[in-house]
Amino acid sequence: MKILIIEDELTLNQTMLDFLSGAGYLCESVFSYKDALEKIEYHTYDCIVLDIMLPGGSGLDILRFLKQDKKTDGVIIISAKGALEDKIEGLQLGADDYLIKPFHLSELSVRIAAIIRRKNFNGQSVITAGDIQVDTMGKTVLVNNQQVDLTQKEFQLLLFLIVNRNRILSKNAIAQHLWGDDMDFPDNYDFIYSHIKNLRKKIVAAGSPDCIKSMYGEGYKLQLP
Amino acid sequence: MKLFTRYNRVNITATIITFLVGSIGFYFVMDYVLTRQLDRGLRVEQQEIIDFVKEHNQLPEVQTTRHQWIDIVPAADPIPHPKPNTTEAFNKIENEREPIRQLVFTVNAGGKSYQVSVNQSKTETEDLLQLIILVTVLMIALILLSNYLINRKLVTRLWAPFYRTIDSIRDLQLSVKKPLQLPAESIEEINLLNASVNKMTARIHQDYQALRTFTENASHEMQTPLAVIRSKIESLLQDTEGKEKTIQQLLTIEDATLKLSRLHQSLLLLTKLENRQFQLSEAVNLTEIIESKLAERSELIAARKLVLSVTMKEVVLSFHRHLAEIMVNNLLNNMIRYTPVHGTVSITLTNEVLSIKNYAANGALNTDKIFQRFYKEEQSAESTGLGLAIIKEICVLAGFTITYQYAFHEHDFTIHFKPSNAQTI
């Protein structure tokens, strides 16, 4: 899986590069409009992480260029421009997703995974993690080849944990992934715990070892050998 | 008062006064001229009588006509300087008293002294004067009427470009990306106005765009470092196996960046609201929005064991979808945050109002301050202190009013929509 990161902020670019490489993707990164155009002209990527404000040009123009050339690379825009018009424009131009800065890397990862799944879903819609098999198309979960019924939120939670396997996810990141940006959580995310507890119970009941680790109640991690 | 009305008022008053003064003057001039003409006739008559007496030494036969008659009576004293004067006398032919011009003088005929009075009726003169006055008054009326009609028609047409300009200015929307382009007009003043307005709006537009770009860039420049901090925290988090304190500290930093980012987005939104960067012409189904936002929070409401009662009619407002969502979000966030566990909450939506009531543990809020920016009743880590300020600004923009009341241990936030704005499906 090849990913191109187009982001002019040095540190952010490097962090994303490290993170996505760690998640098993083959990553390349560029910092400017010109370099980005060069890259996309000669290579094909499964997903392009695209910043809008770049030295030398706009990320939206890169998007236009891609669509003009009928390239099929998936595109996720990452922008500080939360303005609704920008979001609509980006999606209308053919971007697959739009993530507003600042975002959680785990959120970026799960969105990229979703885009890649959509792009080549022939036989790829099932994700396996240990004993757990998640069919993202059919929204079904098999544990030890045994069907497990999950609520919609539990399904989303499991998918989020699996895509970010072996990483600690803060309750903050989980809450924002499941409920979005515009809600606030007065109880310090206590109720997330009940979702984790239920999910864990259902997986264990199907005969799989308890793979969801709590990190002192501050975060969670799906641990696979 | 319209400029035209005021102008017309002054104009008409001036016209009437001018005509009145003019007619009075005209009357006196005419009266003077006509009287002089009568007097000349009287003098001619006098001369004829004196000449006759001189020639024949006897009195002439007097002829009486409808307008002139001569009375001769024996007189004692001669009149030294006879002058015509106006008086009244009985006209035997007309059989009525009428105003006359009279010249009284004395003559000597056959050794006897006679007083001769030549009388000329003034009725004709009076009639003529009356006619003149009538014509004058009619003229005034006619001129006023035609003046009024012409002015009305002409002025309406003359002012039409002015009203077109005013309409364009009124409809000017800064968020539309084109500056005002008023056409050149044939009238110099209007042309000047249009050109100045064009120039002014072009300048305003430029400033506005600059401000907009600035706020957007400022947002970008702020959010990017925040994104760096956040991503670094996430990376660090992965190396904290077995270090509880470090995790907690990292997450505290993460919370702070989250809050900073939200704060910044809220301030940006407030600026945009103040700049009126939103067009409120979308048909927005408020009922649907509230329902979906409530559904998003169903777990949260369940976790806090809130007792919720919802009464909603189908309400569609001419509004802005995104703003409506923000408004509902903020209201619901507050409602959930400030209601104690097991508290009661009620939401009522009608065509006129949206009312959200929730049980309050600690009494009334400070009505004067709750809508102020950064005002907090209690220090809360989650709250930015901008939620209600944003709701208030959205209401101001949309022409709604928001009120707060406290009664029976309940906070009651009610938004009153414009009566004309609400419609039922």
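Definitions and cut-offs
- Residues numbered from 1 in each chain as written.
- Chains lettered and ligands numbered in written order.
- Predicted model: local features only at pLDDT ≥ 70, side-chain atom pairs only at ≥ 80, totals over all residues.
- Helix = DSSP H or I, 4+ residues; strand = E, 2+ residues; numbered from the N terminus.
- Contact = placed C-beta atoms within 7 Å.
- Buried ≥ 20, exposed ≤ 12 C-beta atoms within 10 Å, placed from the backbone.
- Nonpolar A, V, L, I, M, F, W, Y, C, P; charged D, E, K, R; others polar.
- Core = buried A, V, L, I, M, F, W, Y, C linked by C-beta atoms within 7 Å.
- Pairing = 2+ DSSP bridges.
- Axes fitted to C-alpha atoms, helices over the stretch in contact; angles between N-to-C directions.
- pLDDT = per-residue confidence, 0-100.
- Parallel < 35°, antiparallel > 145°, perpendicular 65-115°, else oblique.
- Left-handed = near helix turned anticlockwise from the far one by under 90°.

Q: Account for the overall build of chain B, naming residues and giving values.
A: Assigned secondary structure in chain B consists of eight helices and twelve strands. Long-range contacts, defined as pairs at least 24 residues apart, comprise 67% of the intrachain contacts of chain B with a sequence gap of at least 6.

Q: Describe the overall build of chain A, and please don't skip the residues or the numbers.
A: Regarding its fold elements, chain A presents eight helices and 14 strands. By the burial criterion, 41% of the 225 residues in chain A qualify as buried. Long-range contacts, defined as pairs at least 24 residues apart, comprise 58% of the intrachain contacts of chain A with a sequence gap of at least 6.

Q: Kindly report on the interface of chain B and chain A, identifying the contributing residues and their values.
A: Contacts between the two partners involve 37 residues from chain B, matched on the other side by 36 residues from chain A. Mapped onto the side of chain B that touches chain A, the elements with two or more residues apiece are helix H3 (188-237), helix H4 (244-274), helix H6 (298-303) and helix H7 (321-338) of chain B. Here the side of chain B that touches chain A takes 14 residues from H3 of chain B, the largest share from any one element. Grouping the constituent residues of the side of chain B that touches chain A by class yields ten nonpolar, 15 polar and twelve charged.

Q: Tell me about the nonpolar core, and please be specific about residues and values.
A: The biggest cluster of nonpolar side chains holds 67 residues, and the ones touching the most others in it are Ile3, Ile6, Val49, Leu50, Ile76 and Leu158 of chain A. If one sorts the elements of this core by residue count, helix H6 (residues 152-163) of chain A sits on top with seven residues. Leaving out residues up to four positions away in the same chain, Val49 of chain A has contacts with Ile3, Ile5, Ile6, Glu7, Met16, Ile76 and Ile78 of chain A. Residues Tyr338, Val345, Ile390 and Ala398 of chain B belong to the second largest nonpolar core, which totals 35 residues.

Q: Summarise the sheet that holds strand E7 (residues 97-100) of chain A; cite the residues concerned and give the values.
A: Residues and elements named next belong to chain A. An order of E2-E1-E3-E6-E7 is seen for the five strands of this open sheet, with the pairing classed as parallel. Taken across any chain shown, the strands that pair with only one partner, and hence form the sheet edges, are strand E2 (26-30) and E7. This sheet shows a mean twist of 20° between the axes of neighbouring strands, independent of strand direction. By the bridge criterion, four bridges tie strand E1 (residues 2-6) to strand E3 (residues 47-51) in an arrangement that is parallel. Across the sheet, residue Ile5 finds its bridge partner in E3, namely Val49. Helix H1 (residues 10-22) rests against E1, E2 and E3 of the sheet, and its axis sits at about 170° to E2. On top of the sheet, helix H5 (residues 105-119) reaches E1, E3, strand E6 (74-79) and E7; it is set at about 155° to E6, its chief contact.

Q: So what's going on with the confidence of the model for chain A? Which residues, and what values?
A: Mean pLDDT for chain A: 86, with 95% of residues reaching 70 or above. The least confident element of chain A is helix H4 (residues 84-92) of chain A, whose mean pLDDT is 79; the most confident is E1 of chain A, at 93.

Q: Please set out the confidence of the model for chain B residue by residue, giving values where relevant.
A: All names here are of chain B. Confidence in the prediction for chain B averages 83 pLDDT; 96% of positions are at 70 or higher. Strand E8 (residues 344-349) holds the highest mean pLDDT among the elements of chain B, 91, whereas strand E12 (residues 423-424) holds the lowest, 42. Here residues 420-425 scores under 50 on pLDDT; set against residues more than four positions off or in separate chains, the count is 13 contacts. If you check the scores for this complex, the pTM reads 0.64 and the ipTM reads 0.82.

Q: Please give an account of helix H7 (residues 171-179) of chain A that cites residues and values.
A: Those residues of H7 of chain A that fall on the buried side of the exposure criterion are Lys171, Asn172, Ala173, Ile174 and His177 of chain A. Those residues of H7 of chain A that are buried lie in contact with H5, H6, strand E12 (169-170), helix H8 (190-205) and strand E14 (219-222) of chain A together with H4 of chain B. Gly180 of chain A, located one to two residues past H7 of chain A, shows a positive phi value of around 85°.

Q: Residue-level account of the sheet that holds strand E4 (residues 112-121) of chain B, with values.
A: Residues and elements named next belong to chain B. What the four strands build is an open sheet, ordered E1-E4-E3-E2; its pairing is antiparallel. Two strands close off the open sheet at either side, each with one partner strand: strand E1 (68-74) and strand E2 (84-91). Across the sheet, the axes of successive neighbouring strands diverge by a mean angle of 40°, strand direction being ignored. Both strand E3 (residues 96-109) and E4 contribute to a ladder of ten bridges, which runs antiparallel. Each bridged residue has a counterpart across the sheet, and for Ala109 the counterpart in E4 is Lys112.

Q: Mind laying out the packing of H1 of chain A against H3 of chain B, listing which residues take part and the relevant values?
A: Between H1 of chain A and H3 of chain B, the least distance of the axes is 9 Å, while the angle of their chain directions is 30°. The angle between H1 of chain A and H3 of chain B falls in the class roughly parallel. Between H1 of chain A and H3 of chain B lies a crossing of left-handed hand. Between H1 of chain A and H3 of chain B, the residues in contact are Thr11, Leu12, Thr15, Met16, Asp18 and Phe19 of chain A and Thr224, Ala227, Val228, Ser231, Lys232 and Ser235 of chain B, respectively. Of the residues in the contact of H1 of chain A with H3 of chain B, the class split is five nonpolar, five polar and two charged.

Q: Quick one: what's the story with the packing of H4 of chain B against helix H8 (residues 387-398) of chain B, residue by residue and with numbers?
A: Residue and element names in this part refer to chain B. Where H4 meets H8, the axes come as close as 10 Å, and the angle between the chain directions of the two elements is 20°. Comparing their axes, H8 and H4 come out roughly parallel. The interaxial crossing formed by H4 with H8 has left-handed handedness. For the pair H4 and H8, contact is made by Ser266, Leu269, Leu270, Leu273 and Glu274 and by Ala389, Ile390, Glu393, Ile394 and Leu397, respectively. Of the residues in the contact of H4 with H8, the class split is seven nonpolar, one polar and two charged.

Q: So what's going on with unusual backbone geometry? Which residues, and what values?
A: Backbone torsion omega between Lys101 of chain A and Pro102 of chain A reads -5°, so that peptide bond is classified as cis. Along the chain, Pro102 of chain A turns up in the loop between E7 and H5. Of note, Asn145 of chain A is a non-glycine position whose phi angle comes to about 60°, a positive value. Tracing the backbone through its elements, the reader meets Asn145 of chain A in the loop between strand E10 (140-143) and strand E11 (146-148). In this structure Asn145 of chain A comes out as exposed when scored by C-beta crowding, with 9 C-beta atoms within 10 Å. At His409 of chain B, a residue that is not glycine, the phi angle is positive and equals roughly 60°. Mapped onto the elements, His409 of chain B comes out in the loop between strand E10 (401-407) and strand E11 (410-416).

Q: Give me the pairing of E3 of chain B: which residues, what numbers.
A: Residues and elements named next belong to chain B. In this structure, E2 lies alongside E3, joined through eight bridges in antiparallel fashion. The partner of Pro84 across the bridge, within E3, is Leu103. Connecting E2 to the next strand, E3, in antiparallel fashion are four residues, including Asn95 with a positive phi near 60°. With antiparallel pairing between neighbouring strands as the criterion, E3 and E4 make up a hairpin whose turn holds two residues, including Gly110 at a positive phi of roughly 60°.

Q: Can you lay out the environment of Met137 of chain A for me, pointing to particular residues and giving the numbers?
A: Tracing the chain through its elements places Met137 of chain A in the loop between strand E9 (132-135) and E10. Overall, Met137 of chain A belongs to the exposed group, with 11 C-beta atoms counted inside 10 Å.

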